[in-house]
Structure formats: C-alpha cells, structure tokens
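Coordinate inspection notes
Read off the chains here:
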Amino acid sequence: MGKDKEPVKNSEREDVETEKDLLQGGEASIIKLIDALIESAYTARASDIHIDPEQDQVRVRFRVDGTLHDTFVFSKDSHSEIITRLKVLSGLRTDEHQMAQDGRFKISVSDGLFVDVRLSIAPTYYGENAVMRLLAQKSETEFTLEALAFSEKNQKIIQKSIKKPYGMILATGPTGSGKTTTLYTIIKMLNKPETSIITIEDPIEYSVDGVEQIQVNTQTGLTFVSGLRSILRQDPNIIMVGEIRDQETAGIAINAALTGHLLLSTLHTNDAATTLPRLVDMKVEPFLIASTVNIAMGQRLLRRVCQDCKIEKKITATDIKSLSTALRPGAINEGAIFYAGEGCDVCDHTGYKGRIGVHEVMEVTDAIREAIMKRADAAMIQELAIKEGMVPMLEDALQKALAGLTTIEEILRIIHE
C-alpha cells in the first residue's frame, strides 16, 4: 500500500501493512486489507472512507473532523477485488457494475468493538467508487445535551419543550451537521418503560434499546409516508421521522402532532427561522404550523481546538470586520482573546481534534405564532425570535470560541459556507 500523504496519524496506531504484503494471499488478503483499512479509519477518528478509482490508481481518503484527507493510494489492479469484497460484506450484487447500490455491514475493530458501516457504491468514469460511513457504538455519556455542547439556556428550552405531550420538535441544518444525533439524544431522554416510542429512519444510524425502529425500504414500498401511516396505528406516544422531505410526509407529521403525539424530525434548512416558511412551502397551512411546532433547532458542527497545543490569539481588525456583518453590534470587541491550535502530534499538526456543536434553539412563542399566521418570511421570524430571547447560532459559536473550544477561522467558515 503506497502512501500519497498521511495527514491522519495516531501515535498509538501501527501503520497498516503494505498493499503488496496484503494482496499476496489472494482473496484472504483482500479480506485482511478491508479489515485493516476500516480499523485504520476508526483509529484515526474518521467518519467516512472514500475509495475513488482514477485512471491508473485508486485513491483512498478519510474524512476526519469534517475534512477529507488523502490517506492511501492502491494500485488499479486491486480495485475490482476491493469493491467485490465490500459488496459481499453488504450482501449486494457482485455482478452489477452499472447501477448504484447501497448496503450496510458490521465489522469488528480493536478491543472487540463493532462498527456499523454504511456503504454506497456508484459507477463512475474509471469504475465503481465506494463511500463508507462509519457508525461506531456511542456510549450513554455521548447522548446528553451537555455532551453535544448545548448551552445551559438552550438545554432549558429543550427540556421544557419535550415535557409537552404533543407537538413537533424539529432539528435543522445541512447534511452532516449532527441533526440525527440531537434527535437520538432527545429520544434517550424520553425513553421510559411507560412510553411507546417508534421511529422511521433512512437509515437507522444507532440502535436504541426500548425503541421500535423501522428502516425505510423503497423496494417493498415502505417509505416515510407509508411507514408513518402504519406507525400511527401502533399506539405510539412519541414518533421520530428521519426527515420531512415532501408535502405528504409534512401533512401526516403535522396531523400526528395535532392528535396527541410528540413528533421529532429533521429538515434541511440553513437556520431555525427558515424552518417555518419551509413548511408553508410544503403546502402546510400556517395555522397548523403555529399550532404544532414547539421548537426548531438550527445547528452546525465546528472543528474543536486541540486542547494539547492551544494558544491565545488576539482577533485582527479584518476578522472583526468579517464577523460584524453577521453579528449584533457590540457582540465582539477588539480586545477579545481567542484561541488557536499550534499543531502537535496529538492533532496531527492540524490544530484541531474532534468537533463541537453550535446551535440556535427557537421556541415558538405567541408572538412567533402570530407572525406565522401572517405568513412572515424567515428574516422577520429570525428578528422576532432574537427579540424573544433566541441566541443566534453565530453568537453561540462566538461564546464557544471565547471559551477556547473553537476558532475564529471556523466561525468565519460557517458565515461564508
């Protein structure tokens, strides 16, 4: 296995054996190669593995803390065997090369820990590529609002909202912003023997004891819409829908929330305030939105400053100018002390290790309900929510930067994404 460059290192990890050594034994060594690759990614804290075929080689990249790194290069000769092995593990058709296929499998890594791997294969110009999402088992301590870095104020709003017997709790943000993990955390908080919780997801990311979890399967006609209709006949108290992505799902979800169910779901919007007009765009009547939505939570994931090489850093006038366009006047001053990572062996000289959530939690108050009824746009709802006490996401990020948890560069990346 030749290495293009190796930004993803770990002092406790032994280097993976060379490709030549792994491939000498034929099929058995391909098995060993895939096992070693996934274990290497797990040790490097990667969330995804990209296997991309090129004209005369196969490039492997790991996504660590949201950023892709070139990690290994394989010879083109090993490409078909790698893809075939992944298909076998996932129970996919090995004779199909012109169609996208999705699957999943479980594999053991160090210390007997199992990792769920979600696989997506698609045909490309130079052959089939593969992207694997690694879903390691999460400990109970990771499923808390505090562990997800919600501020004390936002935690209180969420705890107040989930005590209501019905209504909607919506998590919003782009793909990979941690929405589903936030909903799982709320599910864990609500999971009691006297409560029936049913979810419909695509895919099921984490298994939760005591919760009935249904996997969407379009081949058998089990969609979010049909699954949600079935769930309502199963006598649930709490329902989680993986995503509201169309008018029909939105309509059934709203009706479920109106008829005495607490419903959790996600939407792809940029911030909390845009969630409500988005539901209007899905042909949901404003009075129904005003009656059912309890809170909308916007979030992003920022890279966390490496605590082993963190140093103080004064903010520059240029940074202040860039931030002032998105922050309220007086939110930041020139004397503020921020932090940055110098780079060390622990963080592989990136200055970052891990990620941290930044949030805004919009409670739907009487004033916001009135604005929804008047079909107010997202900007008006945002302004009103801030008046009603919502801390905007960028200000939450700024507080975390001042506390030495992230950097100004990461905040600027959010503003300009």
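In this convention, every chain numbers its residues from 1, walking through the sequence in written order. Where local features are concerned, this predicted model is filtered to residues with pLDDT of at least 70; where side-chain atom pairs are given and counted, the filter is 80 or more; whole-chain, interface and lining totals use all residues. Note that water and hydrogens are dropped before the side-chain values are worked out from all heavy atoms of the structure.

1. Structural notes on the overall build of the protein
Only runs of H or I of at least four residues qualify as helices and only runs of E of at least two qualify as strands under DSSP, and these elements are numbered from the N terminus. A count of helices and strands for the protein gives 14 helices and 15 strands. Relative to its length of 417 residues, the protein is compact, with a C-alpha radius of gyration of 23 Å against a globular reference of 22 Å. In terms of its C-alpha atoms, the protein occupies a principal-axis envelope of roughly 70 × 60 × 40 Å. Between buried and exposed lies partly exposed: a residue is buried under 20% and exposed over 50% of the maximum accessible area for its type, with that area taken using a 1.4 Å probe on protein chains only. Of all 417 residues assigned to the protein, the portion counted as buried reaches 48%. The contact definition used throughout considers only heavy atoms, calling two residues in contact when any of these lie within 4.5 Å. Long-range pairs, those at least 24 residues apart, make up 63% of the contacts in the protein with a sequence separation of at least 6. If you sum the accessible surface of the protein, you get close to 19,900 Å²; carbon and sulfur atoms cover 47% of it. In the protein, the 48 positive side-chain charges and the 61 negative ones have mean positions that sit 4 Å from each other. The atom set for the radius of gyration is the C-alpha atoms, and the globule formula is 2.2 Å times the number of residues raised to the power 0.38. Method for areas: the Shrake-Rupley scheme with a 1.4 Å probe, in which residue coverage is limited to the protein chains shown. Counted as positive: Lys and Arg. Counted as negative: Asp and Glu, with His and the chain ends omitted from the count. Here the site of a charge means NZ on Lys, CZ on Arg, CG on Asp, or CD on Glu.

2. Thoughts on the side chain of S177
The residue S177 is located in the loop between strand 7 (167-172) and helix 5 (179-190) in this model. For S177, a relative accessible area of 2% gives the class buried. Among residues more than four places away in sequence, those in contact with S177 are Q299, R300 and L301.

3. Some remarks on the environment of P392
You can see P392 is positioned in the loop between helix 12 (378-387) and helix 13 (393-402). Dropping the residues within four chain positions of it, P392 is found in contact with R328, H359, E360, Q382 and I386.

Keep in mind that these numbers describe shape and distance, not what the molecule does.
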